[in-house]
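# Survey of secondary and tertiary structure
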Amino acid sequence: METAIESSAPGWVNGLMDTLGAPGAGIAIALENLFPPLPSEVILPLAGFAASTGQMNLIAALLWTTAGSVIGALALYGVGALLGRDRTVAIAAKLPLLKVADIERTEAWFARHGAKAVFFGRMIPIFRSLISVPAGVERMSLPLFLGLTTLGSAIWNTVFILAGYLLGENWQDVTGYVSTYSTVVLVAAALGVVAFIGVRLRKRGTGVRRR
């Protein structure tokens, strides 16, 4: 098993699972929420593979990784709540191409779609970590936040843990599909940012000419 894991997983992830079993997988996922570049698309199917070999219990892997997701999300929610609206607006006001009005529109959007954003955001790379911050800033109901985060995380984690469990030694095949999915999502997000900057620059240019 060690050879298969070491071929694509960071050594510390392998070490956590070898030493702690399912709780180690939960810790790894909690850290993945706090530091998005960490590979959840490796951690989850790897935990499933470990369960298929008897290294950890399958149900325990599902429960611990979901708990890790919730704990990581809760920490970022706390950061947003601690930062608060005033500090967020003050930081935004200092950033180029970003206006306080943009923050206000985001607040209005989150007020309308916050529940859906938190739930479905748990299934989108990078975004699943970041969505917890505005939820904290907006002081979304904590029981609602925890409920949506738990449900969304449980679905996401279960899909990939079961994939690793069923694929066995071929668990690494899952990472190829997830990498493609992640690339599509990130490209779409990048295009959205470029479009936003383009519109903002065009408006600035129009304002200058009118003067």
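In terms of regular secondary structure, the protein chain is built from 10 helices and zero strands. Split into buried and exposed, the 211 residues of the protein chain put 39% on the buried side. For the protein chain, restricting intrachain contacts to residue pairs at least 6 apart in sequence, the fraction spanning at least 24 positions comes to 75%. A total of about 11,300 Å² of accessible surface is found on the protein chain, and carbon and sulfur atoms cover 68% of it.

This part is about the side chain of Thr-65. Within the secondary structure, Thr-65 sits in helix α5 (residues 58-94). For Thr-65, the residues in contact, after removing those within four places along its chain, are Ala-25, Gly-26, Ile-29, Leu-44, Asn-157 and Ile-161.

Moving on, we get to the packing of aromatic side chains. For the coordinates displayed, the defined rule picks out three aromatic pairs. On the numbers, 4.7 Å between centres and 35° between planes, the contact of Tyr-77 with Phe-145 is tilted. Of the two residues, Tyr-77 sits in helix α5 while Phe-145 sits in helix α9 (residues 142-167), which places them 68 residues apart along the sequence. Residue Tyr-77 shares its accessibility class with Phe-145, and that shared class is buried. Plain terms: the ring middles of Phe-119 and Phe-120 are 4.9 Å apart, the flat faces sit at 80° to each other, and that makes the pair edge-to-face.

Parameters and conventions
- Residues numbered from 1 in each chain as written.
- Predicted model: local features only at pLDDT ≥ 70, side-chain atom pairs only at ≥ 80, totals over all residues.
- Heavy atoms only, no water.
- Helix = DSSP H or I, 4+ residues; strand = E, 2+ residues; numbered from the N terminus.
- Buried < 20%, exposed > 50% of the residue type's maximum accessible area, 1.4 Å probe, protein only.
- Contact = heavy atoms within 4.5 Å.
- Areas by Shrake-Rupley, 256 points an atom, 1.4 Å probe, with all protein chains shown as cover.
- Phe/Tyr/Trp six-rings, centres within 6.5 Å; stacked < 30°, edge-to-face > 60°.

Structural measurements only, silent on function.
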